[in-house]
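# Observations on the model geometry
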Amino acid sequence: MESRVIEQTMYDYFKLVGKTAIVTGAGNGIGRGIAQVLAGLGANVVACDIEKDSVEKTVEEIISKGLNGVAVYCDVRKYEDIRNVIDVAVSTYGTVDILVNDAAGCGGGVTVDDITEEEWLRLIELNLNSVFRFTMSVLPIMRAKKSGKIVNISSGAGITGDFSDPHYAAAKGGVIALTKELAHELAKDHINVNSVAPGLVDTRMARIRPWEDEIADTLWYRVGQPEDIAYAVAYLASAAGEYCTGQVISPNGGAWMQ
Ligand SMILES: NC(=O)c1ccc[n+]([C@@H]2O[C@H](COP(=O)([O-])OP(=O)(O)OC[C@H]3O[C@@H](n4cnc5c(N)ncnc54)[C@H](O)[C@@H]3O)[C@@H](O)[C@H]2O)c1
């Protein structure tokens, strides 16, 4: 009996029942894993992605487990699509409590020797400016109720740099800096802003290059799975993460330490 009370009390810190979470990039990979884990903790998940079929599949799986979710098409580069996602969240579930900015693209292996300005601007627009746009669009709702959780998915590339894709590293470094800045500015509105910077994770984005060397760099000697990242997001989005703001958590199997 006593242990059941203890377990229930602990669960209360992590559960997200009654909370509404928008997850961008929820059609595939890490975003899909985040949507599923947050829904599993009881959140109403508003899953959005530029790939309509993929995000509908994510939500079908959520609903098939008796959990709550709705799928919305969204190109995170477009304010009108972002506004539509927020309208769906509010009309379906009443508010937005959690925003997870996950949607992004990869650089394709260019270096400073061959990158074009057009390619630089393309990825900064998708991976950094979109995080600014989505965040600015949900802020009025979170500020009005003086509560909210924002989790931005960055990358180890934004911390340590890499041997290619300077635009990807710069955008992700920008996401980390924006996270810290917003944590300062939004504390007065009781909005937690944190970043999760994954190591190598088994998704199609990572599958475009060989992994062997990177796996050898991890202390766990394995590639990460989307859930490895989603559990960190769940902590930051829950009451358990109340005292955590302006932080970068790196589930990376020990590949680097900060
Ligand atoms: N996989 C890794 O090893 C790794 C490592 C570090 C960081 N990350 C980061 O994790 C996040 C998820 O990446 P992933 O590995 O799951 O990649 P992924 O390609 O599997 O998923 C990315 C999702 O974003 C969506 N997306 C792309 N452009 C969009 C747009 N304009 N509007 C809306 N949605 C859009 C895609 O359709 C896709 O569903 C990204 O922010 C990525 O930079 C991944």
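Up top you'll find the structure we're talking about.
To keep things clear, this report deals only with the structure shown in the data block. Predicted model only: the values in this text are computed from it and were never measured.

### Things to note about the environment of tyrosine 243
- By the secondary structure assignment, tyrosine 243 is in the loop between helix H9 (226-237) and strand E7 (248-249).
- For tyrosine 243, a relative accessible area of 84% translates into the label exposed.
- Taking the C-alpha atoms as reference points, tyrosine 243 and asparagine 192, separated by 51 residues in sequence, lie 8.4 Å from one another.

### Focus on the site of the ligand
- Around the ligand, a shell composed of 29 residues is seen, among which Asn28, Asp49, Asp102, Tyr168 and Thr203 lie nearest.
- The contact in question runs from an oxygen atom of the ligand to an N or O atom on the side chain of threonine 203, over 2.5 Å.
- Here the ligand, which alone exposes 830 Å², has 94% of that area covered by the protein.
- Those elements that place two or more of their residues in the shell around the ligand are helix H2 (29-40) and helix H7 (166-186).

### Here's the deal with the environment of phenylalanine 134
- Assignment of secondary structure puts phenylalanine 134 in helix H5 (residues 117-145).
- C-alpha of phenylalanine 134 to C-alpha of valine 100: the two residues are 34 residues apart in sequence and 9.5 Å apart in space.
- Beyond its immediate sequence surroundings of up to four residues, phenylalanine 134 is in contact with Ile22, Thr24, Cys48, Cys74, Val76, Ile82, Val85, Ile86, Leu99 and Asn101.

### Some thoughts on the packing of H2 against H9
- Between H2 and H9, whose axes approach to 8 Å, the crossing angle comes to 50°. Regarding the angle of H2 to H9, the classification is oblique. Where H2 crosses over H9, the handedness of that crossing is right-handed. Together, Gly29, Ile30, Gly33, Ile34, Val37 and Leu38 of H2 and Pro226, Ile229, Ala230, Tyr231, Val233 and Ala234 of H9 make up the contact between the two elements.
- Among the residues making up the contact of H2 with H9, the classes are represented as ten nonpolar, two polar and no charged.

### Some words on the nonpolar core
- Of all hydrophobic cores here, the largest spans 31 residues; its most connected members are Ile34, Leu38, Val45, Val100 and Val196.
- Listing elements by their share of this core, those giving two or more residues are strand E1 (20-24), H2, strand E2 (44-49), helix H3 (52-64), strand E4 (98-101), strand E5 (148-153) and H9.
- Apart from the residues within four sequence positions on either side, valine 196 is in contact with Val151, Asn152, Ile153, Ser154, Ile229, Ala232, Val233, Leu236, Ile249 and Pro251.
- Judged by nonpolar contacts, the second largest core, of 29 residues, contains Cys74, Val131, Leu178 and Ile191.

Rules behind the numbers
Residues numbered from 1 in each chain as written. Predicted model: local features only at pLDDT ≥ 70, side-chain atom pairs only at ≥ 80, totals over all residues. Heavy atoms only, no water. Helix = DSSP H or I, 4+ residues; strand = E, 2+ residues; numbered from the N terminus. Buried < 20%, exposed > 50% of the residue type's maximum accessible area, 1.4 Å probe, protein only. Near = heavy atom within 4 Å. Polar contact = N/O pair within 3.5 Å; in protein donor to acceptor, adjacent residues only side chain to side chain. Areas by Shrake-Rupley, 256 points an atom, 1.4 Å probe, with all protein chains shown as cover. Contact = heavy atoms within 4.5 Å. Axes fitted to C-alpha atoms, helices over the stretch in contact; angles between N-to-C directions. Parallel < 35°, antiparallel > 145°, perpendicular 65-115°, else oblique. Left-handed = near helix turned anticlockwise from the far one by under 90°. Nonpolar A, V, L, I, M, F, W, Y, C, P; charged D, E, K, R; others polar. Core = buried A, V, L, I, M, F, W, Y, C linked by side-chain atoms within 4.5 Å.

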